[in-house]
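Breakdown of the fold
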Amino acid sequence: MNERFQYDNRIVKNFLFITVLWGVVGMLVGLIIATQMVAQNTPPDAWYYWIVRPFTWLGEQQWFTFGRLRPLHTNAVIFAFVGNGIFAGAYYSMQRLLKARMFSDVLSKLHFWGWQFIIVCAAVTLPLGITTGKEYAELEWPIDILITLVWVVFGINMFGTILKRRERHLYVAIWFYIATWVTVAMLHITNSMELPISFLKSYSWYAGVQDALVQWWYGHNAVAFFLTTPYLGLMYYFMPKAANRPVYSYKLSIIHFWALIFIYIWAGPHHLLYSALPDWAQSLGVVFSVMLIAPSWGGMLNGLLTLRGAWDRVREDPVLKFMVVAVTCYGMSTLEGPLLSVKYLNAIAHFTDWIIAHVHIGGIGWNGMLTFGIIYWMVPRLYGTKLHSTRLANVHFWIATLGIVFYAIPLYFAGFFQAMMWKEFTPDGFLVYKNFLDTVVEIKYAYWLRALGGLLYLIGAFIMVYNVWKTAKAGKLIANEDAEAPALEKVAVVNEGGHWHRWIERRPIQMLVASLVLVAIGGLFELVPTFLVESNIPTIASVKPYTPLELHGRDIYVREGCYTCHSQMIRPFRSETERYGEYAKAGEFVYDHPFQWGSKRTGPDLLRVGGKYPHSWHYYHMYDPTSMSPGSLMPPYHHLFNDALDTTTTTKKIEAMLTMGVPYDKEPYGPGFAQRANAHLDEQRAAIVAGLKKDGIEANADREIIALIAYLQRVGTDIKAKPAATAAVAQP
Amino acid sequence: MLKFIKHHLSSIGGVEIWPMLSFVVFFLFFLAVLWWVFTVRRTHIDHMAALPINDDNNETERHAL
């Protein structure tokens, strides 16, 4: 006996349109910062000056500097574009695979508007410099709580639908959605442990090496469980739909699922090779990363082979074209990822543009192209019409593919050659490129080509906007699509066979628990030992907490997103110790809430910048970077010279640090220091202003720049100092 | 907060056994998945694989592109 019901297409349409909108926004911000990065400080007599000037002008305003817009770009693309893409595809496929309308229209709407509100909050707070300073988790604590709430709404809606389903068995796409939901929840909560000191400012509960490990466990698995598993779910649904034939091997998809979710969660430390992370953790990351090739390629082949016998249609159907390129890019980046986690290759590629190329093969290749394919497939069906123009969709496909090529290939070259330049020695044993900037100038051509690639990709997206709009106008939204299916019998059929796995296929809650157990095992094994074993983080006696002024300076460093271009992690290579100084030790970072190791060197490493230059150098450099480093790509930071440092928060900051175990109650500070902190701060900035005066600079002591100088002069110096000398520095 | 958690975790007796145990649990689970995949009935697999294909309500919406 069939039951009649209706699929909710309106929510799918809403998510789909907003995916398109945020996609364009995210890509546009990417194009803006790509242009800023190469065109900042273009001389006015250059012929292209007026073309790039709008972008570089933006980059000179405090809200739109590279350091603030880069987190906006990554967050917009990951959580706004891909996030809404996931929801659009999942809401469409779940209803049909489960033969049920979504559990609650109210929850669907709440999910939709809640998620968009979060995105708007991100778009406002990130340019304002409100950030936690942890990559892809930059949003401050109130927004983190909102994310958690909306994620729970999504979860209830999803599981509610699963529970009232009319199809007994859960198709593998649904498994991927379940694993996504549970793992993202776990990652987000674990990595967002923060101690708020005000409505929009908090400190990571973790410090230094532990913070780094949690962050990259999160960062890596955000790629795995936000950019990969849900999209694999979409692939397993929409590719068979578009090809109109079942997936090549359903058995393979099962192995793919279990192997992938288990192995992925362990691989995070490959982001921290040669860092101060304990060696065993690094090796663990390498082993599991290499193992990842198997399930990833299993999945890729499964996707591509689904098209067996339908390859003739790939020539005509843009949907299939987009999907083929997407899955190919998935295969490429999931082979490259494990290879990059082999230490030898990592030593070359890490901190360079190679990684930027790699992630964009995943981002604009895998996620972007699959999203476009799904959009072109869904829109005509949601509107009961044909696609406005297959030809335009084909144009979009080619221009986007060309965009990927122009984006990635120059950056691969740039990354490789810059790494070679960083490591090149003269026969006498000196660095050939002593000045970091020399290696930047050499790869500027690649940055231009990357901006061109991004432009092409964005033009393609605009073509899609037009095509989608025309298609929607030509048809009429089937807001509630009629469907019918027999109700699920309450009693399980007894003679169906007693296999335990089939048992689990029918039980979503058990599936949820199994997924959680699997990812939690990996997560715990990876994280807990670093928190447990004292010897993992050797303490260094001379390392002391930052002075109040330095702490403020550090917060400015975090606010400005300096970590987006500068690392604070000198790897134990001769090429790095020669260039920067002593390599980084785990014990140096024990008071760093959050850690600021960075992941990319557009500029040089800053771990040993403390004491390297006089105060005046930093003063001039922050006002006009090219005055100290001719040809620099860094924007000026005039607002640090105009804005007064907010010292009303000093006491709270010190108290927060004390709560987290930073020993401000011990020597050289002593009990009750929080109350005396501002007096200490005033003394230290008077000393810096006096130092500047010697170099002929009349500086205003209450400006933010003084705090930043204090921090920059402190970074990485403790290790050089004898314990007694450190105490002297800490109490000027 | 974390320092308190840390203390309790490190005072668990024989905590080193857990990583090994977790690995063994997963490995056995994975072997079981393999065993199931190789022994499952063909008809069931065909049914599962056909789920996305058979969820259309009307034939006209196919090939809409």
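Worth saying up front: this structure is predicted, and the values here are computed from it rather than measured. (Residues numbered from 1 in each chain as written. Chains lettered and ligands numbered in written order. Predicted model: local features only at pLDDT ≥ 70, side-chain atom pairs only at ≥ 80, totals over all residues. Heavy atoms only, no water.)

Along its length, chain A carries 28 helices and 4 strands. Taking 2.2 N^0.38 as the reference for a compact globule, 732 residues should give roughly 27 Å; the C-alpha atoms of chain A span a radius of gyration of 27 Å, in line with that estimate. Referenced to the eigenvectors of the C-alpha coordinate spread, the extents of chain A come out at roughly 90 × 60 × 50 Å. Residues counted as buried form 67% of the 732 residues belonging to chain A. Accessible surface, chain A as shown: approximately 25,700 Å² in total, 67% of it carbon and sulfur. Where the 60 positive side-chain charges of chain A centre and where its 52 negative ones centre are 9 Å apart. (Helix = DSSP H or I, 4+ residues; strand = E, 2+ residues; numbered from the N terminus. Rg over C-alpha atoms; globule rule 2.2 N^0.38 Å. Buried < 20%, exposed > 50% of the residue type's maximum accessible area, 1.4 Å probe, protein only. Areas by Shrake-Rupley, 256 points an atom, 1.4 Å probe, with all protein chains shown as cover. Lys, Arg positive; Asp, Glu negative; His and termini not counted. Charge placed at Lys NZ, Arg CZ, Asp CG, Glu CD.)

For the rest of this paragraph, the subject is empty space enclosed by the protein. All names here are of chain A. Enumeration according to the criterion identifies 7 cavities of 30 Å³ or more in this entry. Considering only enclosed or pocket space, the second largest cavity measures out at about 150 Å³ in volume. Around the second largest cavity sit 15 residues that line it, and Tyr546, Glu588, Asp592, Gly716 and Asp718 are the ones nearest its centre. Classifying every residue of the lining of the second largest cavity by side-chain character gives 7 nonpolar, 3 polar and 5 charged. (1 Å grid on protein atoms, 1.4 Å probe; cavity = no way out; pocket = protein on both sides within 12 Å on 5 of 7 lines; lining within 4 Å. Points joined across faces, edges and corners; volume = space filled by probe spheres on them. Nonpolar A, V, L, I, M, F, W, Y, C, P; charged D, E, K, R; others polar.)

Relative to the elements of secondary structure, Ala242 of chain A occurs in helix H7 (residues 208-243). Apart from residues no more than four positions distant in its own chain, Ala242 of chain A is found in contact with Arg313, Asp317, Val319, Leu320, Met323 and Trp377 of chain A. (Contact = heavy atoms within 4.5 Å.)

So, about unusual backbone geometry. Residue and element names in this part refer to chain A. Look at the link from His593 to Pro594: it is a cis peptide, with omega at -5°. By the secondary structure assignment, Pro594 is in the loop between helix H21 (574-579) and helix H22 (615-623). Cis geometry is found at the peptide bond from Glu667 to Pro668, where omega equals 5°. As for its position among the elements, Pro668 is in the loop between helix H25 (650-659) and helix H26 (673-694). We note that Phe351 has phi near 75°; this positive angle belongs to a residue other than glycine. Mapped onto the fold, Phe351 is located in the loop between helix H13 (343-349) and helix H14 (353-382). Judged by its relative accessible area of 1%, Phe351 falls in the buried class.

Another point: the packing of aromatic side chains. Residue and element names in this part refer to chain A. If you walk through the whole model with that rule in mind, you get 63 aromatic pairs over all chains. Ring geometry for Phe589 and Trp597: centres 5.2 Å apart, planes at 65°, overall edge-to-face. Residue Trp597 is classed as buried on the basis of its relative accessible area, which comes to 1%. Site record: aromatic cluster; members linked through ring pairs are Phe15, Phe79, Phe87, Tyr91, Phe112, Trp113, Trp115, Trp151, Phe154 and Phe226. Here the guanidinium or amino end of Lys343 rests over the ring plane of Tyr274, the centre of that ring lying 5.0 Å away. Directly above the aromatic system of Phe425 lies the positively charged group of Arg574, at a separation of 4.1 Å from the ring centroid. (Phe/Tyr/Trp six-rings, centres within 6.5 Å; stacked < 30°, edge-to-face > 60°. Lys NZ or Arg CZ within 6 Å of the ring centre and 35° of its normal.)

A few words on the layout of surface pockets. All names here are of chain A. Counted as a void, the largest pocket has a volume near 950 Å³. Along its surface, the largest pocket is lined by 44 residues, and His566, Gly603, Pro604, Leu606 and His621 are the ones closest to its centre. Secondary-structure elements contributing two or more residues to the lining of the largest pocket are helix H1 (9-39), helix H3 (66-98), helix H16 (436-441), H21, H22 and helix H27 (704-714). Top element by residues in the lining of the largest pocket is H22. It accounts for 4 residues. Across the lining of the largest pocket, the residue classes tally to 24 nonpolar, 13 polar and 7 charged.

All names here are of chain A. A cluster of nonpolar side chains, contributed by Val405, Ile409, Phe413, Phe416, Phe417, Met420, Tyr445, Leu449, Leu452, Leu455 and Ile459, occupies part of the molecular surface with about 890 Å² of accessible area. Residue assignment for the nonpolar patch shows that the elements contributing at least two residues are helix H15 (390-422) and helix H17 (444-474). Relative to the helices and strands, Leu455 is located in helix H17. For Leu455, a relative accessible area of 37% corresponds to the partly exposed category. (Patch = residues over 30% accessible without salt bridge, like charges linked within 9 Å, V, L, I, M, F, W, Y side chains within 5 Å. Salt bridge = Lys/Arg side-chain N within 4 Å of Asp/Glu carboxyl O.)

It is worth spelling out the packing of H7 of chain A against helix H8 (residues 250-264) of chain A at this point. Residues and elements named next belong to chain A. Running from amino to carboxyl end, H7 crosses H8 at an angle of 170°, the nearest separation of the two axes being 11 Å. Considered as vectors, H7 and H8 are oriented roughly antiparallel to each other. Along its contact with H7, which presents His220, Asn221, Ala224, Phe225, Thr228, Thr229, Leu232 and Tyr236, the element H8 presents Ser253, His256, Leu260, Ile261 and Tyr264. Of the residues belonging to the contact of H7 with H8, the class tally is 7 nonpolar, 6 polar and no charged. (Axes fitted to C-alpha atoms, helices over the stretch in contact; angles between N-to-C directions. Parallel < 35°, antiparallel > 145°, perpendicular 65-115°, else oblique.)

Here the focus is the side chain of Asp8 of chain A. Residue and element names in this part refer to chain A. Locating Asp8 in the fold gives a position in strand S1 (residues 2-8). Despite its burial, Asp8 pairs with no opposite charge; the closest candidate is Arg101, at 4.0 Å N-O. Within the structure, Asp8 has its side chain in polar contact with the backbone nitrogen of Arg10 (distance 3.1 Å). If near-sequence neighbours (up to four positions away) are discounted, Asp8 is found in contact with Gln95, Arg101, Asp105, Ala479 and Asn480. (Polar contact = N/O pair within 3.5 Å; in protein donor to acceptor, adjacent residues only side chain to side chain.)

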